[in-house]
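Observations on chain architecture
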Amino acid sequence: MEPQLGLHELLHVFSFLEARDLLCAAQVDKVVRPVPGGRQLCLRRWSSCKASQMTLGTQTWKQYYLRRSELEFRMASGRPEDFTCRALAGHKGEIDDLAYISTSEYRFDGQDKSVVCTVSSDGTVRAWDLHEGVELWSSPVQSAALVNLVTYPRLQLVVTVDERGLIKVWEAENGCEQAAFLLPMYSSTLEACDIPEGPLLLAACAEGALYTLTVPWLQLLSRVNVFPGNPTSLLCSPDRQWVLASTQNSDLSPEVFYTQSLLCRSEDETPASTTLPIWLTSRACWAPDEAARLMVMHRNDSGMQLVITTYELGTRKSRDRVEILVRQIASFLLPDTMMPPHLMKGHGSQVILLVSGSELVLFTIHGLQLVAFQDHQRPITSMWVDQTRVITSSFDLSLRVYMWNKENKFPVLKSCYHLLGGSHRWASGFTHVESDSMSIVGVEARNIGTSILRSYYFQVQCG
């Protein structure tokens, strides 16, 4: 007698299977035939997989489900035959920043493409096709070194800023310049902010002012003095409704702005903001799965110990103003034995990832240490975190790939494999790492004062 399982039972069983087990099950027609189209499988396995965000093309939901499961298996295994590694050279100086301009959605219809943009001390911004391993275009050499960039994948726009504070907008398709805006001093940070009211660019000037500009024409909407005379860092919430402004290791408390209030054009209108009751702030991050959950690393009242405090933000609107509500929901002291972390990221709603030297440590927002890794031989330089994996880069000339397992109460991170760079004879290590659904790219610093891109593109059959 064959056991008969209904649709809900099958979905429940499939949710516990690893990617390779799912692919084996898919070979049995009697198993997959009862599942209508695979859409419910996708929604159950990947909570972010919404129909409105999907580009299926000619593939079915079931095909998408099986191909994405196969991709996850290949990314977790790290077998050399599963990806193509390329070195992309072209910049004559050091690469200072990079970002993907291609959308991050998973596509297996043959139309997938991973395109990344870079800026360099050589004064150019360039676009690279990681799938083909080629440079798509390069801007003319600018009059000053380019130091930062942000991208708008939906609009196919790239925004750069040079060391003097000159902001420019470029078309991602061909590198044509669209608009420019000159800050009074160099910019300490840029943030892309695509909200329902329209795309915005937030720029913090070294003088401590926050500029809000329209995109693509860079028209000034507002200018707010946040920390006069102090370089300011900006960090937008996942839903882009909040902006954290802070200055590191200062007795000035960080400030949170309600993004919509930055759209005001009148100098008489004060944007809605609130000051957090902490000082000597060093790092901060948002919880990706929460609308307005902020984690901040700072010193305690004595200034002797590092603390991570978690806040939830809200608003109370009246006819003529918006009041910001702040509620502290957790706080804990970091261990005295831990070196001050230099990188901090959030995952889910309760997990904090910290990098201290060459060590990666995970805590909950209440201070429970989940796991610690020391896979690198030299200090970690950057960290990429998404729903599927964590990737770290290091001066030891390697990228380390970790995968999430979410079967338990808290997500569990599994250390999987290294991706190696070039020769230590020519390179001093990786300085940056970024990733999208199909690729990983690192910036490899060379000993002669230049940088190259080292890309790893994962292959999945479309047939």
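Analysis parameters
- Residues numbered from 1 in each chain as written.
- Predicted model: local features only at pLDDT ≥ 70, side-chain atom pairs only at ≥ 80, totals over all residues.
- Heavy atoms only, no water.
- Helix = DSSP H or I, 4+ residues; strand = E, 2+ residues; numbered from the N terminus.
- Contact = heavy atoms within 4.5 Å.
- Areas by Shrake-Rupley, 256 points an atom, 1.4 Å probe, with all protein chains shown as cover.
- Phe/Tyr/Trp six-rings, centres within 6.5 Å; stacked < 30°, edge-to-face > 60°.
- Buried < 20%, exposed > 50% of the residue type's maximum accessible area, 1.4 Å probe, protein only.
- Core = buried A, V, L, I, M, F, W, Y, C linked by side-chain atoms within 4.5 Å.
- Expected span 1.5 Å × (residues − 1).
- Pairing = 2+ DSSP bridges.
- Salt bridge = Lys/Arg side-chain N within 4 Å of Asp/Glu carboxyl O.

As recorded by an unreviewed UniProt entry, the protein carries the name F-box and WD repeat domain containing 12 and is attributed to Capra hircus.

The helix and strand tally for the protein stands at five helices and 32 strands. Taking as baseline every contact in the protein between residues at least 6 positions apart, the subset at least 24 positions apart corresponds to 48%. Entry remark: accessible area of the protein is about 21000 Å², with carbon and sulfur atoms responsible for 49%.

As a further point, take the packing of aromatic side chains. A full pass over the atoms with the stated rule returns six aromatic pairs. Judged by centre distance (5.4 Å) and plane angle (55°), the rings of Phe 83 and Phe 458 are tilted. With Phe 83 in strand β1 (residues 83–88) and Phe 458 in strand β32 (residues 451–458), this pair connects stretches of sequence that are 375 residues apart. Given the relative accessible area of 0%, Phe 458 is considered buried. When the centroid spacing of 5.3 Å and the interplanar angle of 55° are considered together, the rings of Trp 242 and Tyr 258 count as tilted.

What follows deals with the nonpolar core. Ranked by size, the top nonpolar core spans 28 residues in total, and within it Leu 130, Leu 399, Leu 419, Ile 440 and Leu 453 carry the most contacts. Of all the elements in the fold, those that place two or more residues in this core are α5 (61–77), β1, β2 (95–100), β28 (398–405), β29 (412–420), β30 (427–435), β31 (439–446) and β32. Residue contributions to this core peak at four residues, all from β32. When sequence neighbours within four positions are dropped, the list of residues in contact with Leu 453 reads Arg 86, Ala 87, Leu 88, Ile 95, Leu 98, Val 116, Thr 118, Trp 128, Val 441, Gly 442 and Val 443. If you look at the next biggest cluster of nonpolar residues, it comprises 20 residues, including Val 161, Phe 181, Ala 203 and Leu 213.

Turning our attention to α5. For α5, spanning 17 residues, the distance from its first C-alpha to its last is 24 Å, which sits close to the expected 24 Å at 1.5 Å a residue. For α5, every residue scored as buried is listed here: Trp 61, Tyr 64, Tyr 65, Arg 67, Arg 68, Ser 69, Glu 70, Leu 71, Glu 72, Arg 74 and Met 75. Positive backbone phi, at 65°, marks Gly 78, one or two positions downstream of α5.

Pairing of strand β20 (residues 306–317) with strand β21 (residues 322–333) involves eleven bridges; the strand directions are antiparallel. Within β21, the position partnered with Thr 310 by the bridge is Ala 330. Between β20 and the antiparallel strand that follows it, β21, lie four residues.

All right, on to the pairing of strand β6 (residues 146–152) then. On any regular strand, side chains alternate: one points to one face of the sheet, the next to the other face. For β6, a buried count of six out of seven residues is recorded, marking the element as mostly surrounded by other parts of the structure. Pairing of β6 with strand β7 (residues 157–162) involves six bridges; the strand directions are antiparallel. In the strand pairing of β7, Asn 148 is matched with Val 161. In this structure, the hairpin formed by β6 and β7 is closed by a connection of four residues, where Gln 156 is found at a positive phi of approximately 55°.

The subject of this paragraph is the pattern of salt bridges. In total, this model carries 14 salt bridges according to the counting rule given. Between Glu 207 and Arg 223 there is a salt bridge, and its shortest N-O distance comes to 3.1 Å. Of this pair, Glu 207 sits in the loop between β11 (198–205) and β12 (209–214) while Arg 223 sits in strand β13 (residues 220–225), placing them 16 residues apart in sequence. For Arg 223, a relative accessible area of 39% translates into the label partly exposed.

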